[in-house]
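Structural overview for review
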Amino acid sequence: MDQESLRSALDAQLVALGEPAYDGPASSLPDALVAAVLTAYERGLRPERDAGRLAVRHLLDKLTTAAPGRTVEVRVPPYAAVQAVAGPRHTRGTPPNVVEMDGHTWIALALGRMTWDEAVANGAVSASGSRADLSAHLPL
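Just so you know, these numbers come straight off a predicted model, no measurement behind them. (Residues numbered from 1 in each chain as written. Predicted model: local features only at pLDDT ≥ 70, side-chain atom pairs only at ≥ 80, totals over all residues. Heavy atoms only, no water.)

1. Digging into the nonpolar core
Leu33, Trp106, Ile107 and Leu134 are the most contacted members of the largest nonpolar core, which has 45 residues in total. Listed by contribution, the elements that provide at least two residues to this core are helix H1 (3-16), helix H2 (29-42), helix H3 (49-66), strand S1 (72-76), strand S2 (80-84), strand S3 (98-101), helix H4 (103-111) and helix H5 (116-121). For this core, the leading source of residues is H2, giving nine residues. (Core = buried A, V, L, I, M, F, W, Y, C linked by side-chain atoms within 4.5 Å. Buried < 20%, exposed > 50% of the residue type's maximum accessible area, 1.4 Å probe, protein only. Helix = DSSP H or I, 4+ residues; strand = E, 2+ residues; numbered from the N terminus.)

Laid out in structure tokens, this is it:
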């Protein structure tokens, strides 16, 4: 992700939250963006589209780095989907191991604000397949 896109999305989200533009270091842009999007969710607001997309994508990229592979497809519609977790590789058709959730749930799981078991129990996560359990990889 380029820093210009991150900064633009972050500043738009901060303006929507009634907060001043970001003035921190460029190296902290992704984490600041995730925090701003989480703040929007916690205030009962829908995050700005680009901010939500980039925050979710940043955390999905962290998952693929921490758990490389192509065994589980992790979907966070409408923002992004990735394949992660080592094991048998999926190549065609519907993946056998799919995890799907909304952006708020993904951010909460990735940051440790919600446990995997809590998310599954309250229906915030749809997980199908024998390997569709991300608990060993969360929080990031």
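Right, picking up where we left off after that structure.
2. Structural notes on the pattern of salt bridges
Within the structure shown, the criterion is met by six salt bridges. A salt bridge links Arg43 to Glu19; the nearest nitrogen and oxygen atoms lie 2.9 Å apart. Taken together, the residues span a long stretch of sequence, with Arg43 in the loop between H2 and H3 and Glu19 in the loop between H1 and H2 at a distance of 24 residues. Classification of Arg43 as partly exposed rests on a relative accessible area of 45%. What makes Glu19 partly exposed here is its relative accessible area of 30%. For Glu42, the salt bridge goes to Arg113, with nearest N and O atoms at 2.6 Å. Of this pair, Glu42 sits in helix H2 while Arg113 sits in the loop between H4 and H5, placing them 71 residues apart in sequence. (Salt bridge = Lys/Arg side-chain N within 4 Å of Asp/Glu carboxyl O.)

3. Describing the packing of H2 against H3
Packing of H2 against H3 brings their axes to within 9 Å, and their N-to-C directions diverge by 120 degrees. Judged by the angle between their axes, H2 and H3 are oblique. The chirality of how H2 crosses H3 is left-handed. Across the interface between the two elements, Pro30, Asp31, Leu33, Val34 and Val37 of H2 pack against Ala51, Gly52, Leu54, Ala55, His58 and Leu59 of H3. A per-class count over the contact of H2 with H3 returns eight nonpolar, two polar and one charged. (Axes fitted to C-alpha atoms, helices over the stretch in contact; angles between N-to-C directions. Parallel < 35°, antiparallel > 145°, perpendicular 65-115°, else oblique. Left-handed = near helix turned anticlockwise from the far one by under 90°. Contact = heavy atoms within 4.5 Å. Nonpolar A, V, L, I, M, F, W, Y, C, P; charged D, E, K, R; others polar.)

4. Examining the sheet that holds S1
What the four strands build is an open sheet, ordered S2-S1-S3-S4; its pairing is mixed. Unpaired on one side and paired on the other, S2 and strand S4 (125-128) mark the two borders of the sheet. On average, adjacent strands in this sheet sit at an angle of 15 degrees to one another, irrespective of strand direction. Pairing of S1 with S3 involves three bridges; the strand directions are parallel. Among the inter-strand pairings, Val74 is bridged to a residue of S3, identified as Val99. (Pairing = 2+ DSSP bridges.)

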